[in-house]
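# An overview of the molecular structure
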Number of protein chains: 2
Amino acid sequence: MDNSRRKALTGIGGLALSATSTLLAAPVFSNEKVSSVPWEYKELDSNLVAARAYRGYHKHGCMYAVFEAIIGELADRFGTPYSTFPFEMMSYGASGVASWGTLCGTLNGAAAAIGLVSKNPRKLINELYIWSEETALPNVDVAILSSNNSNTPNPVKGVSSISGSVLCHIIVAKWCKKSKKGIDSYEKKQRCSQSAASVAKKTVELLNAELNGTFKTQYRFTQETKSCFKCHTGTTSVKNNSQGKMQCTTCHTNLTGIHNL
Amino acid sequence: MDNSRRKALTGIGGLALSATSTLLAAPVFSNEKVSSVPWEYKELDSNLVAARAYRGYHKHGCMYAVFEAIIGELADRFGTPYSTFPFEMMSYGASGVASWGTLCGTLNGAAAAIGLVSKNPRKLINELYIWSEETALPNVDVAILSSNNSNTPNPVKGVSSISGSVLCHIIVAKWCKKSKKGIDSYEKKQRCSQSAASVAKKTVELLNAELNGTFKTQYRFTQETKSCFKCHTGTTSVKNNSQGKMQCTTCHTNLTGIHNL
């Protein structure tokens, strides 16, 4: 039994089943457990994962798309424990959780995958989230998304936009303004399914870099955001009343008086 | 073998291991799968789950707290498949995902649990999220949280506040303003761990009601929010440019001209 399999199947009761208990029709209490977190990450092809995320979006939405593309690819290649994950649960995060427009589902799914397989989730999530605020998305080459899958629409290149935010509500509003398309348009679904591919690709690049020891922080908070942190965040700050790392001036646009940056 | 167990262990390869493969030291590809989503929900005691969420917060943060309290309680009582879930991954959602202040971790964890075991996640998430916007939180009786657990601080009753938001950044800012305490204070950790208990308790009440066929929608969007939806959301709206269900006027406070509600 290889080590990952042994680790995967430890637990109280394990896999033992007795014929006696079946005959007596007594309930069999099984309490299997899988490997402890983080699960081992193994190198993936970021383009294959991107294409998988594009397809996944058209099945169960944006959060499922990114999470399943990464962990599902590990499952297809390496089996247990990755294959034991109930992937469809991640459909809850679609359009900022049940269409509430909160955290972008692609970034929620990416963070969940990072939380499952990274040894340093915070470092990778910080890098991914600042990248997503500052990058015009979607940014993936549509040529890698063609799937020969009749259930998935052909990818069409459209408008990309910089959002300055990780929130679905803001990301989509800025894209609608630039593209002049509605939230229920075909183009919007293309935008978000291709962004799922972009985020999945970036996440795999970060995980591969962590695995190979080549990860380096490239994205940093803006100067404006850091100046807000000075008074509002951290035990030594005057106010210490602001929880978060999102770009402040995306929402706090009316900066006058002492807030005139 | 009872039905849930049989369903839990289906998959390519199943659980078969041959001595031959071990002797040859060939890798054994195992591709176990668990039950399809939704996993069966079974009635839980909402007070016990609330207390568990309070304890869980002090282990791995707010998202883990709520998710593990619900699914972990199912695991302790009913074993597989609930016990196979890698609970610690949910620590990624702490403080609005890695302290980014996006979606409140208690609400992310609740939605994830609902996504795993509810037959109608959207309906339950809508109810929970509007409730959380409009309710002064935390609202749980601290008497039910005493744990006799030396690793968990004793619960102390503090300030509750209505946030009008599901976003960690806003929820915490409003609480800081009302309580005059900082985000790194002991009181803030009490606030959020007790809110985890409140959200877990409410979520279990909703899941129990769904199970028993007694669920009824009690919380609805505010009149103001519905008036915004008219022009900004839905295929028949003029603008169709706003993704989300969050209370609009919590952030969009400067309403003049045609936006003067």
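Above: the structure in question.
Source: prediction; values computed, not measured. For every chain, the first residue of its written sequence is number 1, and the numbers climb from 1 along that sequence. To label them, take the chains in the order written and letter them from A, then take the ligands in the order written and number them from 1. Per-residue local features of the predicted model are confined to residues with pLDDT of at least 70, and side-chain atom pairs are confined, for both listing and counting, to 80 or more; whole-chain, interface and lining totals are unaffected and use all residues. Only heavy atoms go into the side-chain values, all of them from the structure, while hydrogens and water stay out.

### Focus: the interface of chain A and chain B
Residues count as neighbours in contact if any of their non-hydrogen atoms are within 4.5 Å of one another. Contact with chain A, which involves 74 residues of that partner, is made by 73 residues of chain B. Here the quantity called buried area is the accessible surface, traced with a 1.4 Å probe, that two parts lose on coming together, added over both. Taking both partners together, chain A and chain B bury about 6000 Å²; carbon and sulfur atoms supply 63% of that area. What counts as a salt bridge is simple: a side-chain nitrogen of Lys or Arg found within 4 Å of a carboxyl oxygen of Asp or Glu. Across the contact surface, chain A and chain B share zero salt bridges. Definition of a polar contact: a pair of N or O atoms within 3.5 Å, with one able to donate and the other able to accept a hydrogen when the atoms are protein atoms, and with sequence-neighbouring residues admitted only if both atoms are side-chain atoms. Between chain A and chain B we count 25 residue pairs in polar contact (both at pLDDT 80 or more) in total. For the side of chain A that touches chain B, the secondary structure elements donating two or more residues are β2 (31–32), α3 (46–78), α4 (105–117), α5 (121–134) and α6 (168–179) of chain A. For this classification, the nonpolar set comprises Ala, Val, Leu, Ile, Met, Phe, Trp, Tyr, Cys and Pro, the charged set comprises Asp, Glu, Lys and Arg, and every other residue, Gly included, is treated as polar. Its residues assigned to classes, the side of chain A that touches chain B shows 37 nonpolar, 26 polar and eleven charged. In this description a helix means any DSSP run of H or I spanning at least four residues, a strand means any run of E spanning at least two, and both kinds are numbered starting from the N terminus.

### Quick look at α3(A)
All names here are of chain A. Each residue after the first adds 1.5 Å to the expected span of a helix. Helix length check: α3, at 33 residues, gives a terminal C-alpha distance of 16 Å against a target of 48 Å (1.5 Å per residue), a shortfall beyond 12%. One axis fitted to the seven residues ending at a residue, another fitted to the seven starting there: the angle between these axes is the bend at that residue. Largest kink in α3: about 140 degrees, centred on His60. Burial classification: accessible surface area is computed with a 1.4 Å probe over protein chains only, and a residue below 20% of its type maximum counts as buried, one above 50% as exposed, and the rest as partly exposed. Most of α3 is tucked away: 24 of the 33 residues are buried. The opening residue of α3, the one whose side-chain oxygen lies 2.9 Å from the backbone nitrogen of Asn47, is Asp45. One or two steps after α3, the chain reaches Gly79, where phi turns positive at roughly 70 degrees.

### A few points about the relation of the copies chain A and chain B
Aligned on chain B, chain A shows an RMSD of 0.0 Å; the corresponding rotation is 180 degrees and the shift along the axis is 0.0 Å. The transformation relating the two chain copies, once decomposed into turn and shift, fits a two-fold axis. Closest approach to the rotation axis among the C-alpha atoms of chain A is made by A:Leu103, whose C-alpha sits 2.9 Å away. Taken together, the interface assignments show that 99% of the residues at the interface of chain A recur at the interface of chain B, consistent with an identical surface on both copies. Alignment of copies: least-squares fit on C-alpha atoms of residues with pLDDT of at least 70 in both copies.

### Observations regarding the environment of B:Asn212
Residue and element names in this part refer to chain B. Positionally, Asn212 belongs in helix α8 (residues 186–212). Residue classification places Asn212 among the partly exposed positions, given a relative accessible area of 44%. Once the C-alpha coordinates of Asn212 and Gly105 are considered, the two residues, 107 residues apart in sequence, prove to be 27 Å apart.

### Here we look at the state of the cysteines
Put simply, a disulfide is two cysteine sulfurs that come within 2.5 Å. Here the structure, examined in full by the defined rule, presents zero disulfides over all chains. No disulfide involves A:Cys62; its nearest neighbouring cysteine sulfur is the one of A:Cys104, lying 5.9 Å away. Judged by relative accessible area, which is 9%, A:Cys62 ranks as buried. Not engaged in a disulfide, the cysteine B:Cys231 finds its nearest cysteine sulfur in B:Cys228; these two sulfurs lie 8.7 Å apart.

### Some remarks on unusual backbone geometry
Generally, phi is negative for residues other than glycine and the peptide bonds are trans, each holding for most cases. Omega for the bond connecting A:Thr80 with A:Pro81 falls within 30 degrees of zero, at 5 degrees, which places this linkage in the cis form. Of note, A:Pro81 is situated in the loop between α3 and α4. Cis peptide bonds are those with omega within 30 degrees of zero, and the linkage from B:Val37 to B:Pro38 qualifies with 0 degrees. With respect to the helices and strands, B:Pro38 occurs in the loop between β2 (31–32) and α3 (46–60). Even without being glycine, A:Val97 reaches a positive phi, approximately 75 degrees. The topology assignment puts A:Val97 in the loop between α3 and α4. Taking the relative accessible area as the measure of exposure, A:Val97 reaches 0% and is therefore buried.

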